[in-house]
Amino acid sequence: MGLGSRAATGSVQVSAIRTPVGLRAAPVRAGRPSSGARAGIGAGDSPDSVLRAARYGRPLMLAIIGGAPQRFAPLVALYRRALEQLGRDTLPVGVHMPGHVAETDAQARDDLWPHFRTMYDRIGRERGWPPMTREQFEALADPDGALAAGSPQTVADKLIRVARGLGASRIDLKLSAGTLPHESICRSIELCGTEVAPRVREAVLRSLRQSLRGGDKSLVGNSAYRRYLKTPDDKQFEIDDKRVAEDARYDGLYVLRTNMRLDALAVMLRYRELLKVEDIFRTTKSVLDTRPIYHQTNEAIRGHVFCSFLALVLRKALEDRLAAARVKPEWGALLRDLDRLQEIETEQEGKHFVLRPPVTGDVGRVFQAIGIALPPNIRDVEVAALRD
């Protein structure tokens, strides 16, 4: 969702963070032609990440998941000063934040709360955060918080306020929260497209008309404004009604564009695979304890990606075999049942035995489907050693 706004100025205090004098632009590698894509660099509240985005000449995408979004204003100012010092053109700033849209504020918060807490607490166990309280959740959903949850008007007002405060030209809402039911997510997406987006667009156009009447041509550098402008001559800009109408055509619609030669149904099915990929990566990072990892070297980054991708391939191979055997276990329940599958070594009357507890759930069917025999319930350690 694109948003237009004036860059944050005035009373914002940015003197506490200063651009390093020795900042240098990153060299461009030869032999890599540009594809035209403007991939941004994500950052939290780390000045180093912000400076990295400026150094590589990439748009900045701020991940705001807690606190007040306006506390990121000094980082935006730091990013713009760094670009200026490096002799780079102004680049767009975007924001990524969680949200949920319902018919009323109360419904949106009540629907989201238990599922948002589940997601937050799961991540918190990995990062050392305390469990979330309802008071903390309500503070996030308040006008100055980082959670855009409420009615279409409430969410639109927050997005506009965040965009203007941070000079952002793009805000991405994460509308899925842990165990939030699929129907609620679909309704939230529908309201976001049919009611929030038109309100935000109208706010952008009102601000743009006011700026153009005042002769402020500097705002055309904002990509959210530029998309609605045309230049009938070399001296003035005006709003292009055709572009506005074209942009409104897609309100409430989800458009998939691909360069593959597939029919519409195949494209949709392939795209839905992304949800499975994202779920697999979340599972591998939590189950394999590969998150959080603070990478310091390229080798560590490659190793992290390799392990995650290897786990993805193994799970996909397992799912294919289970599908062929018409076994459809619930993944979370299967993992819990597999965790209970243990071997216990014990001694009785001078003899050593290895005990296996009974399998639960779909574990037996899964082992049978992939052609692996379960070990016996009781094994004599000495006999087992002789066999090995």
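In this text the structure is predicted, and so the values were computed from the model without any measurement. (Residues numbered from 1 in each chain as written. Predicted model: local features only at pLDDT ≥ 70, side-chain atom pairs only at ≥ 80, totals over all residues. Heavy atoms only, no water.)

J.: Whenever I open this one, the overall build of the protein confuses me. Can you help?
T.: Helix and strand counts for the protein stand at 13 helices and 10 strands. Put simply, of all contacts in the protein between residues at least 6 apart along the chain, 65% involve residues at least 24 apart. Accessible surface, the protein: about 24300 Å² in total, of which carbon and sulfur atoms supply 53%. (Helix = DSSP H or I, 4+ residues; strand = E, 2+ residues; numbered from the N terminus. Contact = heavy atoms within 4.5 Å. Areas by Shrake-Rupley, 256 points an atom, 1.4 Å probe, with all protein chains shown as cover.)

J.: What is the right way to read the sheet that holds strand S8 (residues 344-348) from this model?
T.: Backbone-to-backbone hydrogen bonds pair the strands of a sheet. The strands run either parallel or antiparallel. If you trace the 3 strands from one edge of the open sheet to the other, you get S8-S9-S10, paired in antiparallel fashion. Whereas interior strands pair on both sides, the edge strands pair on one side only; in this sheet they are S8 and strand S10 (378-380). Ignoring strand direction, the axes of neighbouring strands in this sheet form an average angle of 30 degrees. Sheet analysis places S8 next to strand S9 (residues 351-355), joined by 5 bridges and oriented antiparallel. Pairing of Ile344 across the sheet is with Leu355, part of S9. (Pairing = 2+ DSSP bridges. Axes fitted to C-alpha atoms, helices over the stretch in contact; angles between N-to-C directions.)

J.: So what exactly am I meant to see when it comes to the packing of helix H1 (residues 47-55) against helix H2 (residues 73-85) here?
T.: To characterise two packed helices, one gives the angle between the axes of the helices and the distance between these axes. At a closest axis distance of 9 Å, the pairing of H1 and H2 adopts a crossing angle of 35 degrees. Viewed along their axes, H1 and H2 form a crossing whose handedness is right-handed. Contacts between H1 and H2 involve Pro47, Val50, Leu51, Ala53 and Ala54 from the first element and Leu75, Leu78, Tyr79, Ala82 and Leu83 from the second. Class assignment of the residues belonging to the contact of H1 with H2 gives a composition of 10 nonpolar, no polar and no charged. (Left-handed = near helix turned anticlockwise from the far one by under 90°. Nonpolar A, V, L, I, M, F, W, Y, C, P; charged D, E, K, R; others polar.)

J.: Just checking my understanding: could you explain the pattern of salt bridges for this structure?
T.: If you walk through the whole model with that rule in mind, you get 20 salt bridges. Two residues, Arg199 and Glu195, come together in a salt bridge whose shortest N-O distance is 3.5 Å. Note that Arg199 and Glu195 are positioned in helix H6 (residues 182-213) at a spacing of 4 residues, about one turn of the helix. The exposure class of Glu195 is partly exposed, given its relative accessible area of 30%. Between Arg249 and Glu246 there is a salt bridge, with its nearest N and O atoms 3.1 Å apart. By relative accessible area, which is 36% here, Glu246 ends up partly exposed. (Salt bridge = Lys/Arg side-chain N within 4 Å of Asp/Glu carboxyl O. Buried < 20%, exposed > 50% of the residue type's maximum accessible area, 1.4 Å probe, protein only.)

J.: Would you explain the pairing of S9 in this entry?
T.: In regular strands, side chains alternate between the two faces of the sheet. Taken together, S8 and the strand that follows it, S9, pair antiparallel across an intervening segment of 2 residues, in which Glu349 is found at a positive phi of about 55 degrees. Judged from the 3 bridges that link them, S9 and S10 form a sheet pairing that is antiparallel. Following the sheet pairing, Val354 is matched in S10 by Arg379.

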